[in-house]
Amino acid sequence: MDAPAELSRPHSRGRVTRVLRGGAEGNVRLTAVTAAVLLVLLAAEGATIPFVHQQLTLHMALGLALIPAVLLKLGTTGWRFFRYYLRDPEYVRRGPPHPLLRLFVAPLTVASTLVLFGTGVALVVMHPQRGLLVGLHKASFIVWFGAMAVHVLGHVLELPGQVRADREHDLPGARLRSFLLAAALVLGAVVAIAALPAIHQWVDWAAQNRQFDH
């Protein structure tokens, strides 16, 4: 009776390993799928900027909803970075990104992303309409937009193939990758909904004081 159980344990561990496995290629595919979704959501967020007075609630809610997916994208790219510099053979074989993207664009994109979303959260919590925090939020957006434009142009041609490859489910870990992205999107929606009272309070306060900084 014990032998079948003992035989089943390695088999179970093997199944778990296959589900979680994906390696460098799995990392690339998760990064690509997350990036594709973020491009759509960021475009929607950007569309609210010219009409921010009329769509301030949507602008703030969507910005908060983006945070978990943005963190997932930073996590996947950061993981590739660390695995490469730790000399993981699989990541070393894939090679580093272009030096311009790796040494200049990527650090600038990461730093401006953290400042942009960090100041956005602070604005929701603290309600300031003028001052250093608002100026920092706007300045970080300008830097972020420029760095992100170069980043997207550096990867946009390879993105469709990577997204299409992951939909074929020919690499272990496809379900886990799909779950991680879905969880980030759901968590983002929960964050945005939970923040709606604070957002409405901010918008009402801005309208009553009529001091919104263009």
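That block above? That's the structure.
To keep things clear, this report deals only with the structure shown in the data block.

Cut-offs used in this document
- Residues numbered from 1 in each chain as written.
- Predicted model: local features only at pLDDT ≥ 70, side-chain atom pairs only at ≥ 80, totals over all residues.
- Heavy atoms only, no water.
- Phe/Tyr/Trp six-rings, centres within 6.5 Å; stacked < 30°, edge-to-face > 60°.
- Buried < 20%, exposed > 50% of the residue type's maximum accessible area, 1.4 Å probe, protein only.
- Lys NZ or Arg CZ within 6 Å of the ring centre and 35° of its normal.
- Helix = DSSP H or I, 4+ residues; strand = E, 2+ residues; numbered from the N terminus.
- Expected span 1.5 Å × (residues − 1).
- Contact = heavy atoms within 4.5 Å.
- Axes fitted to C-alpha atoms, helices over the stretch in contact; angles between N-to-C directions.
- Left-handed = near helix turned anticlockwise from the far one by under 90°.
- Nonpolar A, V, L, I, M, F, W, Y, C, P; charged D, E, K, R; others polar.
- Salt bridge = Lys/Arg side-chain N within 4 Å of Asp/Glu carboxyl O.

Focus on the packing of aromatic side chains
Summed over all chains, the structure comprises five aromatic pairs. Ring centres 5.3 Å apart and planes at 85° place the aromatic pair Phe-81 and Phe-82 in the edge-to-face group. Relative accessible area serves as the criterion here: at 54%, Phe-82 is assigned to the exposed category. Ring geometry for Tyr-84 against Tyr-85: centres 5.1 Å apart, planes inclined by 90°, an arrangement best described as edge-to-face. An aromatic cluster of at least three residues, connected via ring pairs, comprises Phe-81, Phe-82, Tyr-84 and Tyr-85. The positively charged end of Arg-87 is found above the aromatic ring belonging to Tyr-84, 5.4 Å away from the centroid.

With respect to helix H6 (residues 132-155)
For H6, which comprises 24 residues, the first-to-last C-alpha distance of 34 Å matches the rise-based estimate of 34 Å (1.5 Å per residue) to within 8%. All of the buried residues in H6 are Val-134, His-137, Ser-140, Trp-144, Ala-147 and Met-148. Packed against the buried residues of H6 are helix H2 (23-48) and helix H5 (99-126).

Some details on the environment of Ala-183
Turning to its location among the elements, Ala-183 is positioned in helix H8 (residues 174-209). Look at Ala-183 and you get partly exposed, because its relative accessible area is 32%. Through-space distance from the C-alpha of Ala-183 to that of Pro-68 is 8.6 Å; in sequence the pair is 115 residues apart.

Overview of the packing of H5 against H6
Between H5 and H6, the least distance of the axes is 8 Å, while the angle of their chain directions is 145°. Considering only the axes of H5 and H6, their crossing is left-handed. Taken together, the residues of the contact of H5 with H6 sort by class into 17 nonpolar, 10 polar and no charged.

Digging into unusual backbone geometry
Here Arg-87, not a glycine, exhibits a phi torsion of approximately 65°, which is positive. Within the secondary structure layout, Arg-87 lies in the loop between helix H3 (56-85) and helix H4 (89-94).

Comments concerning the environment of Ala-65
In this structure, Ala-65 sits in helix H3. The spacing of Ala-65 and Leu-187 is 122 residues in sequence and 7.6 Å in space, taken between C-alpha atoms.

Here we look at the pattern of salt bridges
By the definition in use, this model includes three salt bridges. Notably, a salt bridge pairs Arg-94 with Glu-25, separated by 2.8 Å at the nearest N-O pair. Remark: Glu-25 occurs in helix H2 and Arg-94 occurs in helix H4; sequence separation between them is 69 residues. Note on Glu-25: relative accessible area 25%, which makes it partly exposed. Salt-bridge contacts for Arg-83 lead to Asp-88; the nearest nitrogen and oxygen are separated by 2.6 Å. Classification of Arg-83 as partly exposed rests on a relative accessible area of 24%.

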